[in-house]
Amino acid sequence: MSEIDFENYKGCIDIPDSRDITAEEIWLLTATTYPESILYANTPILNQGSIGACTIFGLSGATFESTYLDAVENGGVYNQPYDPWWFWWKAKERWASDSNGWSLQGALQLAVDLGIIAWYVRLAAPGQLTVDLLARTLAKKRLIYTGSAKWNWWVIGRTGIYEDGIKSAGHAYCLPWYKPKNGIARNSWTENWGNKWHFDFPEERFGSLYSTYIILDPSDVDKMKDVRNVRAQSYNQKSLEKKIWTGDRPNDIASDSEIRIMLGRAVDVMWARSRQYWATTFEDKILRGKWIVSIWNEKDWKKNATDRELAVMFTRAVKRDPKASEITLTRFQVSAVIGRDFL
């Protein structure tokens, strides 16, 4: 990328919230000792050029290293599992932008949906990462994905050391390396930038990071399912206590009218509301800025939403799929989402 590209680059800000499952919840950070430093830099250099695909290329860097480590551990041969540009093309189907980028969590969820990664958890909220957390995670051979805003591109490119800037210019990358008092980030702008495409991230600058996420191995998935099931049951219990539904036939697919009634009870709106009302409600309550998904066509926005339109918009928001047209959510799933996002 040229300097003018650095100046005009725009990234997407990560918005963490209570729905993020953490590393502690799946008992991942059990390592108490670790080497003085660790470097995972076995896979080819990636180059996103001047396209705002950093969330995809940063995640791909972490994914490729994770795949390499898994292959070595199991006596196999590493083969790059996919083309990052294909991944970016898939991201643009979910409203990622060449000029404005995309969110970290949108990229992570898409990677899960495509089967690229087993799953992910949050390691630390903004300002809470430490070298100890970084070291314990890498010692478990789990790769870390994150990003930051307000870089000083010229200083970092020249010195290979992170420096805050004034103008917001978000960027995403992975952290595959640590050494005393430093994390090391892997960039996706070829080896001619920074320290052969890496740059030091001093611990005193960790407050500039967005949330940090761990790429999970398949061996972690059962723990993840257990946590998600426990959470879903607790969310459902909230809905039952608020009499959102009776709990009958939880595995039945919810009908359009059942979704409307349950939502109406949750937001205390039992009469018809406009398409825009429900679209805005779902964007605010369910999507929460984590990713941008168009859940309606914005036509006739004052027109009252039919039960079908409401149910489709709700399904699209829950599944983060702007093309979903069939209602596939069970009564239990609708109840759990309402308990999580509306109560």
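Everything quoted here is computed from the prediction, not taken from an experiment. (Residues numbered from 1 in each chain as written. Predicted model: local features only at pLDDT ≥ 70, side-chain atom pairs only at ≥ 80, totals over all residues. Heavy atoms only, no water.)

Turning to the overall build of the protein chain, a few remarks are in order. A count of helices and strands for the protein chain gives 11 helices and seven strands. Its C-alpha atoms give the protein chain a radius of gyration of 21 Å, within 12% of the compact-globule value 20 Å for 343 residues. Taking the principal axes of the C-alpha coordinates as reference, the protein chain spans close to 60 × 45 × 35 Å. Residues counted as buried form 52% of the 343 residues belonging to the protein chain. The contacts in the protein chain between residues at least 6 apart in sequence include a share of 72% that link residues at least 24 apart. Here the protein chain displays about 15,800 Å² of accessible surface, and carbon together with sulfur accounts for 50% of that area. Each charge sign in the protein chain was given a centre, from 43 positive and 42 negative side chains, and these centres are 4 Å apart. (Helix = DSSP H or I, 4+ residues; strand = E, 2+ residues; numbered from the N terminus. Rg over C-alpha atoms; globule rule 2.2 N^0.38 Å. Buried < 20%, exposed > 50% of the residue type's maximum accessible area, 1.4 Å probe, protein only. Contact = heavy atoms within 4.5 Å. Areas by Shrake-Rupley, 256 points an atom, 1.4 Å probe, with all protein chains shown as cover. Lys, Arg positive; Asp, Glu negative; His and termini not counted. Charge placed at Lys NZ, Arg CZ, Asp CG, Glu CD.)

By size, the foremost hydrophobic cluster in this structure holds 71 residues, and its most contacted members are Leu-123 and Phe-199. Take this core: its biggest share by element is eight residues, from helix H2 (residues 54-73). Apart from residues lying up to four places away in sequence, Phe-199 is in contact with Trp-151, Ile-156, Gly-160, Ile-161, Tyr-162, Tyr-173, Gly-183, Ile-184, Ala-185, Asn-187 and Trp-193. Of all hydrophobic cores here, the second largest spans 32 residues; its members include Ala-254, Ala-305, Phe-332 and Ile-338. (Core = buried A, V, L, I, M, F, W, Y, C linked by side-chain atoms within 4.5 Å.)

Here the focus is empty space enclosed by the protein. In this approach a probe as big as a water molecule rolls over the atoms, and the regions it shows empty are the leftover space. With the rule as written, the count across this model stands at one cavity of 30 Å³ or more. For the largest cavity, the calculated volume is near 30 Å³. Surrounding the largest cavity, Leu-46, Phe-57, Gly-58, Gly-61, Cys-174, Arg-186, Asn-187, Ser-188 and Trp-197 form its lining. Of the residues forming the lining of the largest cavity, the biggest block, three residues, is contributed by H2. Taken together, the residues that form the lining of the largest cavity break down as four nonpolar, four polar and one charged. (1 Å grid on protein atoms, 1.4 Å probe; cavity = no way out; pocket = protein on both sides within 12 Å on 5 of 7 lines; lining within 4 Å. Points joined across faces, edges and corners; volume = space filled by probe spheres on them. Nonpolar A, V, L, I, M, F, W, Y, C, P; charged D, E, K, R; others polar.)

Quick look at the pairing of strand E7 (residues 212-215) now. Residues Thr-212 and Ile-214 of E7 are buried on one face, and the alternating residues Tyr-213 and Ile-215, pointing to the opposite face, are buried as well. Pairing between strand E3 (residues 144-148) and E7: two bridges, direction antiparallel. If you follow Ile-144 over to E7, its bridge partner there is Ile-214. (Pairing = 2+ DSSP bridges.)

What follows concerns H2. For H2, with 20 residues, the first-to-last C-alpha span of 28 Å sits near the 28 Å given by 1.5 Å per residue. In terms of residue burial, H2 counts as a mostly covered element, since 15 of its 20 residues are buried. (Expected span 1.5 Å × (residues − 1).)

A few words on the side chain of Thr-146. Inspection of the secondary structure puts Thr-146 in strand E3. Here Ser-211 takes part through its backbone oxygen, which lies 3.0 Å from a polar atom of the side chain of Thr-146. Ignoring sequence-local partners within four residues, the contact set of Thr-146 consists of Leu-104, Ala-172, Tyr-173, Leu-175, Leu-209, Tyr-210, Ser-211 and Thr-212. (Polar contact = N/O pair within 3.5 Å; in protein donor to acceptor, adjacent residues only side chain to side chain.)

Once that is clear, we can look at the packing of aromatic side chains. As enumerated under the stated definition, the model contains 25 aromatic pairs in all. Aromatic side chains Tyr-120 and Tyr-213 sit 5.8 Å apart centroid to centroid with 80° between the ring planes, which places their arrangement in the edge-to-face category. With a gap of 93 residues between them, Tyr-120 in strand E2 (residues 120-124) and Tyr-213 in strand E7 connect regions that are remote in the sequence. Tyr-120 gets classed as buried once you look at its relative accessible area, which sits at 10%. When its relative accessible area of 0% is taken as the criterion, Tyr-213 is described as buried. Every member of this aromatic cluster is reached through a ring pair, and the members are Trp-151, Trp-153, Tyr-162, Tyr-173, Trp-189, Trp-193, Phe-199, Phe-201 and Phe-206. (Phe/Tyr/Trp six-rings, centres within 6.5 Å; stacked < 30°, edge-to-face > 60°.)

Going through the model one piece at a time under the given rule, you end up with 24 salt bridges. Between Arg-288 and Asp-17 there is a salt bridge; the shortest N-O distance is 3.4 Å. Here Arg-288, found in the loop between helix H9 (275-287) and helix H10 (307-319), pairs with Asp-17, found in the loop between helix H1 (3-8) and strand E1 (38-39); they are 271 residues apart in sequence, far enough to count as distant. Note that Arg-331 is salt-bridged to Glu-258, the shortest N-O span being 2.3 Å. With Arg-331 in helix H11 (residues 331-341) and Glu-258 in helix H8 (residues 256-267), this pair connects stretches of sequence that are 73 residues apart. (Salt bridge = Lys/Arg side-chain N within 4 Å of Asp/Glu carboxyl O.)

In this structure, the largest pocket encloses a volume near 1,000 Å³. Taken together, 34 residues make up the lining of the largest pocket; nearest its centre are Trp-119, Arg-228, Val-318, Arg-320 and Arg-340. Every element with two or more residues in the lining of the largest pocket is listed here: helix H4 (104-113), E2, helix H7 (221-241), H9, H10 and H11. Looking at which element gives the most residues to the lining of the largest pocket, the answer is H7, with nine residues. Its residues assigned to classes, the lining of the largest pocket comprises 18 nonpolar, six polar and 10 charged.

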